[in-house]
Amino acid sequence: MMFTACSAVSTSSTTTATTIDPPTVLSDFQLPASTGHDLRLSDLRGQPVLLYFGYTRCPDYCPITLSEFRRTREQLGADGEKVHFVLISVDPAHDTPEVLAAYLRGFGEGFIGLQGDDATLRRIGKEYGLTYRHGGGHQHHNHGDAGVEHSTASYLIDQNGRLRIVYQYGTVASVYVEGIRSLLNEIP
């Protein structure tokens, strides 16, 4: 009985991954990073990138997704060091590189935060199917507390900067691990 429940869960979670075939060559961009200097997407070439768009004050989707990223890194063992885990903020006014660095420290090693700006996000957003809107929810009269509504997919980018897999919100670490391992095993 336990076994059936278990396999039912894994079946539904694997269907949340969409393989992009042929892979999309992503536009390069440069943003201020939690590392203390500007970073280009192309700077991360040579290693798979697991990417998520979110923001540090996000109450739900972001911390849950980033926690799965952390588990993914743990489950990969030594291979976890061969992957970049990246959060691009859709709340640039609040999420400075310093704020991102402090926030991501809570998830452990291997995380990079990028301070998105509207112009860049608009330019690259189509490639990711990114949508976001400031002042989401009913609190729009008090912009200070308003959240940012945003799309919640995660993206696996290969060593050559091409988008390979899109994961829907709710993907578990083992599914990310599978995708990352298959990239690491590819012959360059």
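Criteria and cut-off values
Residues numbered from 1 in each chain as written. Predicted model: local features only at pLDDT ≥ 70, side-chain atom pairs only at ≥ 80, totals over all residues. Heavy atoms only, no water. Buried < 20%, exposed > 50% of the residue type's maximum accessible area, 1.4 Å probe, protein only. Helix = DSSP H or I, 4+ residues; strand = E, 2+ residues; numbered from the N terminus. Pairing = 2+ DSSP bridges. Right-handed = clockwise from strand over helix to strand, strands pointing away. Axes fitted to C-alpha atoms, helices over the stretch in contact; angles between N-to-C directions. Contact = heavy atoms within 4.5 Å. Core = buried A, V, L, I, M, F, W, Y, C linked by side-chain atoms within 4.5 Å. Salt bridge = Lys/Arg side-chain N within 4 Å of Asp/Glu carboxyl O.

Asks: Explain the pairing of strand 5 (residues 84–89) to me, using residue names and the numbers behind them.
Replies: In terms of residue burial, strand 5 counts as a mostly covered element, since 6 of its 6 residues are buried. By the alternation rule, side chains of strand 5 split into H84, V86 and I88 and F85, L87 and S89, which are all buried. Sheet analysis places strand 4 (residues 49–54) next to strand 5, joined by 6 bridges and oriented parallel. In the strand pairing of strand 5, L51 is matched with V86. In the classification by handedness, the crossover that spans strand 4, the intervening helix 2 (residues 61–76) and the parallel strand 5 is right-handed. Where strand 5 and strand 6 (residues 111–115) come together, 5 bridges link them in parallel fashion. What sits directly across from F85, in strand 6, is F111. The handedness of the strand 5 to strand 6 crossover, carried by helix 3 (residues 97–105), is right-handed.

Asks: How would you summarise the sheet that holds strand 5 if you had to cite specific residues and measurements?
Replies: Reading across the sheet, the 6 strands line up as 1-10-9-4-5-6 and stay open at both edges, with mixed pairing between neighbours. Strand pairing shows two members of the sheet lacking a second neighbour, strand 1 (17–25) and strand 6, which therefore form its edges. Looking at each pair of strands side by side, their axes are set apart by 25 degrees on average, direction ignored. Pairing geometry for strand 4 and strand 9 (residues 154–157), over 4 bridges, is antiparallel. Counted as the bridge partner of V49 is I157 from strand 9. Strands in contact with helix 2 are strand 4, strand 5, strand 6 and strand 9; relative to strand 4, the strand with the most contacts, it is inclined by about 165 degrees. Set on the sheet, helix 3 makes contact with strand 5 and strand 6; between it and strand 6 the angle comes to about 155 degrees.

Asks: How would you explain the nonpolar core if you had to name every residue and give the values?
Replies: L51, F53, I88, L114 and Y128 are the most contacted members of the largest nonpolar core, which totals 50 residues. Leave out the neighbours within four places in its chain, and L51 touches F69, V86, I88, Y128, S154, Y155 and I157.

Asks: So what about the pattern of salt bridges? Which residues, and what values?
Replies: Taken as a whole and assessed by the stated rule, the structure comprises 10 salt bridges. Residue R71 pairs with E68 through a salt bridge whose shortest N-O separation is 2.5 Å. Here E68 and R71 lie together in helix 2, a separation of 3 residues that amounts to about one turn. For R71, a relative accessible area of 33% puts it in the partly exposed group. Each of D158, R162, R164 and E186 takes part in one network of salt bridges that share partners.

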